[in-house]
There are 2 protein chains.
Amino acid sequence: MIVSDLPTPALIVERADLSANIALMAERLPGNRLRPHVKAHKCTALAHLQDAAGHHGFTCATPREVVGMAAAGLGADLLLANETLDPARLRAMADLEVPVTVAVDSPQTVAAAAEHGITRVVIDVNVGLPRCGVDAAGAGAIADLARARGLEVRGVMGYEGHAQPLPDRALRQQVTDEAMVLLAKAAQDVGGDLVSAGGTGNHDLNTVATEIQAGSYALMDSQYAGVVGFANALTVLATVVSTNAAGGYAVADLGLKSLGMDHGNPTTAAGAVWFCSDEHTTFAPAEPVAIGEKLRFVPAHVDPTIAYHDALWVVDGQDVLERWEVDLRGW
Amino acid sequence: MIVSDLPTPALIVERADLSANIALMAERLPGNRLRPHVKAHKCTALAHLQDAAGHHGFTCATPREVVGMAAAGLGADLLLANETLDPARLRAMADLEVPVTVAVDSPQTVAAAAEHGITRVVIDVNVGLPRCGVDAAGAGAIADLARARGLEVRGVMGYEGHAQPLPDRALRQQVTDEAMVLLAKAAQDVGGDLVSAGGTGNHDLNTVATEIQAGSYALMDSQYAGVVGFANALTVLATVVSTNAAGGYAVADLGLKSLGMDHGNPTTAAGAVWFCSDEHTTFAPAEPVAIGEKLRFVPAHVDPTIAYHDALWVVDGQDVLERWEVDLRGW
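Residues numbered from 1 in each chain as written. Chains lettered and ligands numbered in written order. Predicted model: local features only at pLDDT ≥ 70, side-chain atom pairs only at ≥ 80, totals over all residues. Heavy atoms only, no water.

A. Broad picture of the pattern of salt bridges. Residue and element names in this part refer to chain A. Following the criterion strictly, the structure yields 32 salt bridges over all chains and no others. The shortest N-O distance in the salt bridge between Glu325 and Arg323 comes to 2.7 Å. The exposure class of Arg323 is partly exposed, given its relative accessible area of 42%. (Salt bridge = Lys/Arg side-chain N within 4 Å of Asp/Glu carboxyl O. Buried < 20%, exposed > 50% of the residue type's maximum accessible area, 1.4 Å probe, protein only.)

B. Just the relation of the copies chain B and chain A, in detail. For the pair chain B and chain A, the best superposition has an RMSD of 0.0 Å and corresponds to a rotation of 180 degrees with a translation of 0.0 Å parallel to the axis. The operation mapping one copy onto its partner corresponds to a two-fold rotation axis. Comparing interface residues between copies, 100% of those in chain B also lie at the interface in chain A; the contact surface is shared. (Least-squares fit on C-alpha atoms with pLDDT ≥ 70 in both. Contact = heavy atoms within 4.5 Å.)

C. Region of the structure containing the interface of chain B and chain A. Facing the 53 residues of chain B at the interface are 53 residues of chain A. Between chain B and chain A lies a buried interface of about 4,100 Å² when both sides are counted; carbon and sulfur atoms form 58% of it. Applying the counting rule to chain B against chain A returns two salt bridges. Taking the shortest distance from any N to any O, the salt bridge between Asp278 of chain B and Lys39 of chain A comes out at 2.8 Å. (Buried area = accessible area lost by both parts, 1.4 Å probe.)

D. Here's a closer look at helix α5 (residues 107-115) of chain A. Residues Thr109, Val110, Ala111, Ala112 and Ala113 of chain A constitute the buried set of α5 of chain A. Those residues of α5 of chain A that are buried are in contact with α4 (87-94), β4 (100-104), β5 (120-126) and α6 (139-148) of chain A together with β10 (234-244) of chain B. One or two residues past the end of α5 of chain A sits Gly117 of chain A, with phi positive at roughly 95 degrees. (Helix = DSSP H or I, 4+ residues; strand = E, 2+ residues; numbered from the N terminus.)

E. Structural context of the side chain of Thr84 of chain A. Residue and element names in this part refer to chain A. Mapping Thr84 onto the fold places it in the loop between β3 (77-80) and α4. Classification of Thr84 as buried rests on a relative accessible area of 11%. In terms of polar contacts, Thr84 uses its side chain to reach the backbone amide nitrogen of Asp86, at 3.1 Å. The contacts of Thr84, once residues within four sequence positions are left out, are Pro63, Leu90, Met93, Thr109 and Ala112. (Polar contact = N/O pair within 3.5 Å; in protein donor to acceptor, adjacent residues only side chain to side chain.)

F. Fine view of the packing of aromatic side chains. All names here are of chain B. On inspection of all chains with the given rule, the structure shows seven aromatic pairs over all chains. When the centroid spacing of 6.0 Å and the interplanar angle of 65 degrees are considered together, the rings of Tyr217 and Phe230 count as edge-to-face. Highlighted residues: Tyr217 in the loop between β9 (211-212) and β10 and Phe230 in the loop between β9 and β10, separated in sequence by 13 residues. On the basis of relative accessibility, which here comes to 10%, the residue Phe230 falls in the buried class. (Phe/Tyr/Trp six-rings, centres within 6.5 Å; stacked < 30°, edge-to-face > 60°.)

G. Focus on helix α2 (residues 44-52) of chain B. Residues and elements named next belong to chain B. Regarding α2, the residues found buried are Thr44, Leu46, Ala47 and Gln50. In a view along the axis of α2, the buried residues occupy a sector of 150 degrees, so they form one face of it. Where α2 is buried, its residues contact α1 (15-28), β2 (57-60), α3 (63-71), β15 (311-316) and β16 (319-325). Following α2 by one or two positions, Gly54 adopts a phi angle in the positive range, close to 110 degrees. (Arc of directions from axis to C-beta.)

H. Expanded view of the nonpolar core. One finds Ile123, Phe283 and Leu312 of chain A to be the most contacted residues of the largest nonpolar core, which totals 91 residues. For this core, the leading source of residues is helix α7 (residues 169-190) of chain A, giving six residues. One finds Val110, Ile142, Ala214 and Leu312 of chain B within the second-largest nonpolar core, a separate group that totals 86 residues. (Core = buried A, V, L, I, M, F, W, Y, C linked by side-chain atoms within 4.5 Å.)

I. Expanded view of the pairing of β16 of chain B. Residue and element names in this part refer to chain B. Where β15 lies against β16, six bridges are found, and the strand directions are antiparallel. Note on β16: the bridge partner recorded for Leu312 is Trp324. Taking the residues that link successive antiparallel strands as the turn, the β15-β16 hairpin has two residues, and the phi of Gly317 there is positive, at about 65 degrees. (Pairing = 2+ DSSP bridges.)

J. Highlighting the environment of Gly57 of chain B. All names here are of chain B. With respect to the helices and strands, the residue Gly57 is situated in strand β2. Take Gly57: its relative accessible area is 7%, and that puts it in the buried class. Here the alpha-carbon distance between Gly57 and Val241, two residues 184 residues apart in the chain, equals 44 Å. Leaving out residues up to four positions away in the same chain, Gly57 has contacts with Leu34, Arg35, Pro36 and Asp77.

K. Examining the packing of α3 of chain B against helix α4 (residues 87-94) of chain B more closely. Residue and element names in this part refer to chain B. At a closest axis distance of 10 Å, the pairing of α3 and α4 adopts a crossing angle of 25 degrees. One way to sum up the angle between α3 and α4 is to call them roughly parallel. Read as a crossing pair, α3 and α4 show a hand that is left-handed. From α3, Pro63, Val66 and Val67 reach across to α4, where they touch Arg89, Ala92 and Met93. For the contact of α3 with α4, the per-class residue count stands at five nonpolar, no polar and one charged. (Axes fitted to C-alpha atoms, helices over the stretch in contact; angles between N-to-C directions. Parallel < 35°, antiparallel > 145°, perpendicular 65-115°, else oblique. Left-handed = near helix turned anticlockwise from the far one by under 90°. Nonpolar A, V, L, I, M, F, W, Y, C, P; charged D, E, K, R; others polar.)

Structure (structure tokens):
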């Protein structure tokens, strides 16, 4: 099969770019220095490549991702880097035959984990991004609570998400350092071996964390333009379904239901994007395009784009190599 | 089951609001005056209610929606109000045992329809929204081409999407009228009985169309604030998973993978939303909220929100009545 045979809209992964990205990160952060985050791709076939590159621990954002990774034989050391209070989902993770570690940041999340069979936790610490995480000064107390409930406390995590997209490297370093002062303080109070943090944006700047939770590096994202070395490996293939030469525009069959839109419109080398509708993108072609022609668009944000799709099509230029199920969708 | 038992994030439909919306529209546009657009909900269980209210023809945006509606026994008169050149998808629609009508707007889409077994078309006319549709002056020629290929031409369609969200009713009327002058001209040149157009925003203003393709009215959308009579029936239920009293914020477990974001952040009566991440929404609670508390958020755009979810949970206040599969996702 060749790329132009694919039904559209379709997610296209350039195998050479993906392989180069995985190899480069494995060189920079070998083995357990990286705990790849599967939320970026939600695809166990892709995670198998990360495992083969030497990373056997994985980060997940949802219980569904944890359960799916275990089912795919990738459960050597799974971390749910997120809080949940859902009894059924906690129980589903606890019932796996592989070790699962869950983030907690409050007495309530500690109690929920303990009551529903979880045995290992990390203390999620607020390192400056206003989201989950106990303030650093309170981390030790949460760890004490967890131990009092019989939970093994493996250490701390903290996500300095506010550092990731900063285009200036020196500023990224500074914000990272400020965040890691907080995490190091919490780590001292909490104990344990794990200091889990970071992401693609500062994977080479965070020297405090024992492991980096990067995910976007595999397929890359336009928001990490300041990060050197990784290629954009993912595009959305679309078909031109209508043209209007007098109006100076054409219409392709990708839209709001095939693109994560929080970072704005997709881009394409074929021309300037005007706007997206549910199933269409209107753009001004730089050169005339033909009805039926297939074009590649770069989504503005990879993670929520993939979450709309069933599959990733792995290609080598015009040749379609494989279809990978996006098998970790949902919660 | 009660609402607080639902796993989150979850789409919640208030049955009374949905029923009132369907009843009101059936009163305003009875029977075949309305061709409900299923793209808004992608749910055959909901479409069955629209059918029971007297509307037996439906509008679809994707071949998948057409095939799924036929499989659900709702295939009395299905219109794909969109262009496709995909041979397999055209063939799948042509092979259905129910009548399917497909939009065409170019020699290429006419040829694709004819070659892959489609027998009925409408001519899609550009009425001012720069998207699909042949310019009105060229509609007759496309109809001639279609008839020369043996296709039955049922009439015209044109979507005045640029009129729908205008908050001022007089301006909505004016833009609708301008668009319908173009569609009426094309209808004269094309022939056939069908003049299909309109949407929720101007369902009571478009008097040229023989049928209105409204979809959003059933669950409603914040962008139609200027439209009188329909209640917002859809919310996203989320669980508070973390709070930070000193920081003045709390975090709920809905985010970029459970919300269509093209119209911006969701809103909630519980407080002011700060930002959304992949699986989180950070907000400033108006009153203190408790970890584990479940809150309802109004998504900024219903259609791409539903496309992320497996199910709609139909509720009556705190009682969960039914789970409806979102069974028309994909293409």
